[in-house]
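Here is how the chains run, residue by residue.
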Amino acid sequence: MFLRQERGAEMGTARIVFDRWDGRYARRMAGVRSSAVRDLFAAASRPDMISFAGGMPDVARVPAEAAAMAASEAVLHEGAAALQYGSSEGRPALRVTIAELMAEIGVRLGADDIIVTAGAQQGLDLLAKVFIDPGDVVVTEGPTYVGALQAFSAYEPRIECVPMDEGGMRVDALEETLTRLGPRGAKFIYTIPNFQNPAGVTLLPERRRRLLELARAYDIPVIEDDPYGRLRFDGGHVKPLRALDEDVIYLGTFSKIFAPGLRLGWMTAPHPILAKVLLAKQAADLCGSAFAQVTAERYFAGTRWRRVLQGLNRAYSGRRDAMLSALHEHFPAEVRWTRPEGGFFVWVELPNFLDAGTLLAEAVEHGVTFVPGSAFFPDGRGRNCMRLAFCYAEPEAIEEGIRRLAEVIEDRLGLYRAFIAAGALPEAQEGAA
Amino acid sequence: MREKIAVLMGGRSLERDVSLSSGKRVAEALETAGYRVLPLDVTPALVETLRAERPDACYIALHGKYGEDGTIQELLEFLGIPYTGPGVTASALAWDKPVAKRLFVDAGIPTPRWITLTADAFKEMGAATALDLVPGAVGGFPVVVKPSKQGSALGLTRVDTAEELAEALLSALSYGDAAIIEKWIEGTELAVSVLDGIEGPQVLPPVEIVAKSGLFDYDAMYTAGQTDYYVPARLGDDTTATVRRYAQEVHELLGCRDVSRADMVVGSDGGVWVLECNTSPGMTETSLLPMAAAACGMTFQDVVERVLAGALKRRGERG
């Protein structure tokens, strides 16, 4: 309803600029809104603020000259092709590169099984566009990726969330949901099996098989979103769903293994689905950026990217360790959190009565931010949860940030403990993940 | 061109979104009426902007903390800018529900029995061991547990059994330092607005609220179709007269001016109870004050201009 940029556009004034076009937008946009709380606190910042909010890759660790060389080679060697429109499905050479990357994680593909998208995010939007009519049901994990909720919501589905635990989506709960919905009762099942955003958990191998069995039995397509799969710090590689079932729609991205600034991702799916997605993509952008695609081809032509990725994983792994040990040291016993084997995120569950949204206001005043859990549910659940991103801050800052956050939580818990001590509340806290 | 009016809205309160909706409608109405309108968010740049723009008056479309508790009123007094609605003292009294209820009792205005408990009483003094005394103190279950200072019914829970009490208190205390536990009165919920005019306070037709969930909480307030409204309320003549009299008494007792809205319940025995008084009533599309005004032939713009007239009159008096 309002333009929030007023702060940026006119620094130093409290003037509000109304949206003069309010009331003329399509109904579908009513369901898509940014969180007021986040807008609010995005503006309030102090210099020593420690952010656990954004899931931003540490691109400073991608050597600038390697990226620069790839980009300059793109123009010098590919010339006109890098500056011209390209094909909608993406450059053949890049799709060959992607097929090689996929082979490394156990998925055998040809270049024509792949289309290049503007980040995996575009894949989500295009899939929503080709599958969802208003009122259709889609099944996701609960909590799930905010960007997926945003992409889906624009097409007005009813979103059914399946709960998770340390082993990822609870397939028993999925079965209950699918039984209730019936055969073809949902347009698709959306899952982030590796180091899930926001929960940080990984779907167990036997659950992967069960999920696929259920999807087959109820005749419902599966979308596997795998941005973090190559950011594993410990434990063994788990085969993607797509390696177990050729009908799975798989979304990959260069954002975490190279740089999100290129806006490059990919999709593989059964050919009829790819054909529909391609039509939708042509309407969206004709074709992706040829320049970015050639740059990626060049960057992945050598072997240096592997060392860079190893370096990134070492850094992320150290930050994950710093966060887990700080949580262990500083957080009160009543709080629970996940222990990710990779990716970017730890999911924290506070005692039921604590509202992470109101806690955020205090946390910001203490110089630390996070994303409240309710952002990751379509229905206001997750109020007592928070997502902590460990990917961006250095280990010392992570330790300090967790200490500040613990202070805020500890303060709130005093009241809770008083009720427990008086026997006015049951001692055990129910909770998963 | 008429006077320059700053419409204050938004802010950091939990009712930011509601305030932005109120503020936008108020700004549009004032613009239509020919005023020069300056819509302002409550940010650290507010004072600087007010000093640079020098509006003739501020229309306060803020709800909740800072907008309704006397904070912004005190600031505008200091800056010498006239503003709409009750002054510092009336705002602070109405905002603090236990204080307002105490004043109601002293003035002979019925208000449901209640107790107030602070977070410190639980944390430092073991008040949680005395929760068994609650039913005796307020006259039995059900009760309503709510923050002692908070608008828009955030943190409000109806409690039917002793087991639910602790969790409801924790919820209420997550919004502030104190919670009140108030006897639940089963009956008809009412909102009764008062607008000042040339001939003194005018009580608008009472609005009857029927929440489909049985509880007029935050969701019921702001979600379309969750609540049915009847204007005027379906009350007998005597009850209507009592309700209107209490609304005016509360308005005057707390020292309100320009506008106020009292929330009441008519019990199944016909008794009228005053719950609280709001000094910056909502002005959104589903708000109760505009609804009441419409029932006696006033447009939204009439209401806004009427409220503003008070501030402009005070500007004139100030010279």
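Residues numbered from 1 in each chain as written. Chains lettered and ligands numbered in written order. Predicted model: local features only at pLDDT ≥ 70, side-chain atom pairs only at ≥ 80, totals over all residues.

When you go through chain B residue by residue, the secondary structure sums to twelve helices and 13 strands. Taking 20 Å as the expected radius of gyration for a compact globule of 319 residues, we find that chain B reaches 20 Å, a close match to that expectation. Dimensions of chain B, computed from the C-alpha atoms along their principal axes, are close to 65 × 50 × 40 Å. Each of the 319 residues in chain B was classed as buried or not, and the buried ones make up 50%. Of the contacts made within chain B by residues no fewer than 6 positions apart, 69% connect residues no fewer than 24 positions apart. (Helix = DSSP H or I, 4+ residues; strand = E, 2+ residues; numbered from the N terminus. Rg over C-alpha atoms; globule rule 2.2 N^0.38 Å. Buried ≥ 20, exposed ≤ 12 C-beta atoms within 10 Å, placed from the backbone. Contact = placed C-beta atoms within 7 Å.)

Glancing now at helix H5 (residues 92-104) of chain A. All names here are of chain A. Taking 1.5 Å per residue, 13 residues should reach 18 Å; H5 reaches 19 Å between its end C-alpha atoms and fits that length. Buried residues of H5: Leu94, Arg95, Thr97, Ile98 and Met102, and no others. Each buried residue of H5 sits inside an arc of 155 degrees when the element is viewed along its axis, so together they form one side. For H5, the exposed residues set more than 90 degrees away from the buried face come down to Glu100, Ala103 and Glu104. Buried residues along H5 sit in contact with strand S2 (114-117), strand S9 (265-268) and helix H12 (290-299). After H5 finishes, the residue Gly106 shows a positive phi value of roughly 95 degrees. (Expected span 1.5 Å × (residues − 1). Arc of directions from axis to C-beta.)

As a further point, take the domain arrangement of chain B. Residue and element names in this part refer to chain B. The domains assigned to chain B are domain 1 (4-84 + 306-318), domain 2 (92-110 + 186-298) and domain 3 (114-183). For domain 1 versus domain 2, the separation of C-alpha centres amounts to 23 Å. The interface of domain 1 with domain 2 comprises 17 residues on the first partner and 14 residues on the second. Looking at the side of domain 1 that touches domain 2, the elements that each hand over two or more residues are helix H1 (16-32) and helix H12 (300-318). (Domains from an automatic or database assignment.)

Okay, the domain arrangement of chain A next. The extent of an interface is frequently quoted as the accessible surface area lost upon association of the parts. All names here are of chain A. Taken domain by domain, chain A holds domain 1 (34-60 + 307-421) and domain 2 (81-299). A C-alpha centroid distance of 27 Å is found between domain 1 and domain 2. Taken together, the contact pairs 25 residues of domain 1 with 28 residues of domain 2. Those elements that place two or more of their residues in the side of domain 1 that touches domain 2 are helix H13 (304-330) and strand S11 (345-349).

Looking now at the pairing of S9 of chain A. Residues and elements named next belong to chain A. Of the two faces of S9, the one carrying Gly265 and Met267 and the one carrying Trp266 and Thr268 are both buried. Taken together, the four bridges between S2 and S9 define a ladder with antiparallel strand orientation. In the sheet register, Ile115 faces S9, and the bridge partner there is Met267. Bridge count for strand S8 (residues 249-253) against S9 is four bridges, and the pairing is antiparallel. By the bridge assignment for S9, Leu251 is matched with Met267. (Pairing = 2+ DSSP bridges.)

It is worth spelling out the sheet that holds strand S3 (residues 57-60) of chain B at this point. Residues and elements named next belong to chain B. The three strands lie next to each other as S2-S1-S3, forming an open sheet whose pairing is parallel. Looking at the sheet topology across the chains shown, the edges are occupied by strand S2 (36-41) and S3. Ignoring which end each strand starts from, the neighbouring axes of this sheet average 30 degrees apart. Of the pairings in the sheet, the one linking strand S1 (residues 4-9) to S3 comprises four bridges and is parallel in character. Bridging across to S3, Ala6 finds its partner in Cys58. Relative to S1, H1 is tilted by about 165 degrees, and along the sheet it contacts S1, S2 and S3. (Axes fitted to C-alpha atoms, helices over the stretch in contact; angles between N-to-C directions.)

Moving on, we come to the sheet that holds S11 of chain A. All names here are of chain A. Strand order in this open sheet of four strands is S10-S11-S14-S13, and the pairing throughout is antiparallel. Among the strands making up the open sheet, the edge pair consists of strand S10 (336-337) and strand S13 (371-372). Looking at chain direction, S11 and strand S14 (residues 385-389) are connected through five bridges and run antiparallel. Pairing of Trp347 across the sheet is with Arg387, part of S14.

With that settled, consider the nonpolar core. Core analysis: the biggest nonpolar cluster contains 217 residues, and Val7, Leu8, Tyr59 and Met264 of chain B have the highest contact counts within it. Take this core: its biggest share by element is ten residues, from helix H15 (residues 395-421) of chain A. The residues contacting Leu8 of chain B, other than those within four sequence positions of it, are Leu40, Val42, Cys58, Tyr59, Ile60, Ala61, Leu62 and Ile72 of chain B. (Core = buried A, V, L, I, M, F, W, Y, C linked by C-beta atoms within 7 Å.)

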